Amino acid sequence: MAENIIIRVQSPDGMKKIPATKRETAAAFLKKVAEEFGFSSNGFSIYLNRNKTGEILSQNKTLSLLKIKHGDMLFLYPSSAGPSSENMDTAQPHTSSSYPSFPSSSSSSSSLSRSHSAPQIPEDEIDQYLSKQEGKIYRNRDPQLCRHGLMGKCVHCVPLEPFDEDYLNHLDPPVKHMSFHAYIRKLTGGADKGKFVALENISCKIKSGCEGHPPWPEGICTKCQPSAITLNRQKYRHVDNIMFENHTIADRFLDFWRKTGNQRMGYLYGRYTEHKDIPLGLRAEVAAIYEPPQIGTQNSLELIEDPKAEAVEEMAAKLGLRKVGWIFTDLLSEDTRIGTVRYTRNKDSYFLSAEECITAGHFQNQQSNACRLSPDGHFGSKFVTVVATGGPDNQVHFEGYQVSNQCMALVRDECLLPCRDAPELGYAKESSTEQYVPDVFYKDTDKFGNDITHLARPLPVEYLIIDITTTFPKDPVFTFSSTFRFPIENRDALGETQDFHSLATYLSQCSSSSSFLGIVSDFHLLLFLVTNEVMPLEDSIGLLLDAVKTSNEELAQTWKKSEQWATIDQLCNTVGGQPSGSMDYAMGGQALPQSSSAVWSCLHCTFMNQPGTEHCEMCSLPRS
């Protein structure tokens, strides 16, 4: 009698054990599988490997000839390609690279994410680029320790892995956090090539769908109860460096505080690039700062609803930029005569307050980082926080931070609160009838050197912060090359407004020798052209944005000849404030005759009316 064996068959709906014999044919075995799973004879396929290779066909070959042994696992996929067939690919081994390959048209079915029915979000280009880099740290031959030839390698000169902590600690200055891609290399290295790696996001909420008991607060069980959280120092960071393209970006942002003494906040727009000083490092390059509507005082900031937020995002995307972070000031003057500021944020006080950590966590949750290793399709964030504050030398310093993924989870699930009287302390909420909050702990060392676990009520926010180096380049870079200054948006408190008077004044500063691209290459000017209420150019400015993005003067000259710019020029000419010679250059032809300065704008519909009229020609409402 043939030896009985048991074959395990894994499907999207679970695993089942199929009894068989070594001499049983593949056709008979497939018939058993169809009966067990309730499929028709041709409604599924079975493979030897999880990546859909080694298909078992209905034939007369025995299982022993197909090298199927007792206890082997086979993988069943329904013939209809649907989301259920993707669920099995949760632990696909990486055979060709230490980082997951990206889907292509020929192998999309075998390179699916390991996520469980998660939507497939494409990773950022910089992440795809870094995942393909080798990342090895090459070392020169040591003349004292190496005893081999020039072509040989030993333990003293063999290349190091990008996550080598000894190497990072001996850099100048030392690097406390490895890059996120180096962390991924560490997880996906080794013999299993990251077969069982899954970057899971922390959840502080009760799992839904548990039917064994009444809902909270009447009942809870170990299946739906979220696990307790012990805060640890995060070993990696998603961004390793923040670099402003030039000092002008920061100086113009600080002008508001210099003139008013009130604090200011702005969003950083730029791009993510490779940071070569750290293995597989990532840098956030800042090209512009957008200042949303806000109310600022000497010690507080309040953001208000921004009706232009969507238009800013669309314009930035057409310029090849994205929102990479936010910046705010915390400055107090010490001596106005020499321009010094107070050094308030240090190890004896705090670096980020609990309220700022919560705000940073909120922004990071909004700008999540696409990651194919996560079952949710996203993990962490590359959104950064920059604080303009006083340094040890009593000069303005820019300090960069992120909050940890644990902090992001606590903020997302509304489990973290600031303390009223201690900005350096947060507070983990207690469970109530409306919300269950898991216990949050952190570890500290007592005076005897023993590790002590504390309940995070209150919580030092140092456990939530990751510091990031903020720099300025030796050779400035200018994505927006205009040397003239157009007023920054939402600065009405300074008397700086964005209107056609400002545009006319701005154009009057431009000499005839300046290129048209150099005139319009200003982030705040472009934003005004897109969002102004008189003549928004949101749908017709694409060519000009492409010209600024690629620094193409010919494209800019082509757009200058359009009807839109002619209308803008006529409005500026009507408002006044620009000499005819400069306007002659801007038009590329003869200047239009200037109207009298008595031309007035209707307060109700903003229509420009000719002098001598007391009622608007457009809406018929009175001038007053």
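Up top is the structure.
In this text the structure is predicted, and so the values were computed from the model without any measurement. Throughout this document, residue positions are counted from 1 along each chain, in the order its sequence is written. Local features are withheld for residues below a pLDDT of 70 in this predicted model, meaning they are given only at 70 or higher, and side-chain atom pairs are given and counted only at 80 or more; totals for whole chains, interfaces and linings count all residues. Water and hydrogen atoms were dropped before computing side-chain values, which therefore reflect all heavy atoms in the structure.

Chemist: What exactly am I supposed to notice about the pattern of salt bridges here?
Modeler: Side chains that carry opposite charge are capable of pairing whenever their charged atoms lie near each other. Salt bridge criterion: a side-chain nitrogen from Lys or Arg within 4 Å of a carboxyl oxygen from Asp or Glu. Per the stated rule, a full pass over the model turns up 23 salt bridges. Among the salt bridges present, the one from lysine 32 reaches glutamate 24, with a minimum N-O distance of 3.0 Å. Whether a residue is buried, partly exposed or exposed follows from its accessible area with a 1.4 Å probe, protein chains only, as a fraction of its type maximum: under 20%, in between, or over 50%, in that order. Judged by its relative accessible area of 10%, glutamate 24 is buried. Residue lysine 136 is joined to glutamate 161 by a salt bridge in which the shortest nitrogen-to-oxygen separation is 2.5 Å. Here glutamate 161 lies in the loop between α2 (125-131) and α3 (165-169) and lysine 136 lies in the loop between α2 and α3, a separation of 25 residues in the sequence. When its relative accessible area of 33% is taken as the criterion, glutamate 161 is described as partly exposed. The network of salt bridges with shared partners includes Asp124, Asp127, Arg322 and Lys382. Numbering of helices and strands runs from the N terminus; a helix is a DSSP stretch of H or I covering at least four residues, while a strand is a stretch of E covering at least two.

Chemist: When you look at the sheet that holds strand β23 (residues 440-445) in this model, what are you seeing that I'm missing?
Modeler: Strand-to-strand pairing in sheets goes through backbone hydrogen bonds, with the strands running parallel or antiparallel. Read across the sheet, 3 strands follow the order β7-β23-β24 without closing on themselves; strand pairing throughout is mixed. Since the sheet does not close on itself, it has two edges, and those belong to β7 (229-231) and β24 (451-455), each with one partner. On average, adjacent strands in this sheet sit at an angle of 35° to one another, irrespective of strand direction. Criterion used throughout: strands pair if DSSP finds at least two bridges between them. Strand direction decides the pairing type here: β23 and β24, joined by 5 bridges, are antiparallel. In the strand pairing of β24, tyrosine 442 is matched with histidine 454. Whether two residues are in contact is decided by their heavy atoms, any of which lying within 4.5 Å being enough. Axis lines are fitted through C-alpha atoms, for helices just across the contact stretch, and the angle between N-to-C directions can take any value from 0 to 180 degrees. Against the sheet, helix α8 (residues 405-412) touches β7 and β23, its axis set at about 135° to β7.

Chemist: Help me understand the pairing of strand β11 (residues 281-290) in this model?
Modeler: If a strand is regular, its side chains alternate between the two faces of the sheet. Counting buried positions along β11 gives 10 out of 10 residues, so the element sits mostly inside the fold. Looking at chain direction, strand β9 (residues 241-244) and β11 are connected through 4 bridges and run parallel. Across the sheet, methionine 243 pairs through a bridge with glutamate 285, a residue of β11. Alignment of strand β10 (residues 265-275) against β11, held across 9 bridges, turns out to be antiparallel. Looking at the pairing, histidine 275 lines up with glycine 281 of β11. Linkage of β10 to β11, two consecutive antiparallel strands, is achieved through a turn of 5 residues, within which leucine 280 is found at a positive phi near 55°.

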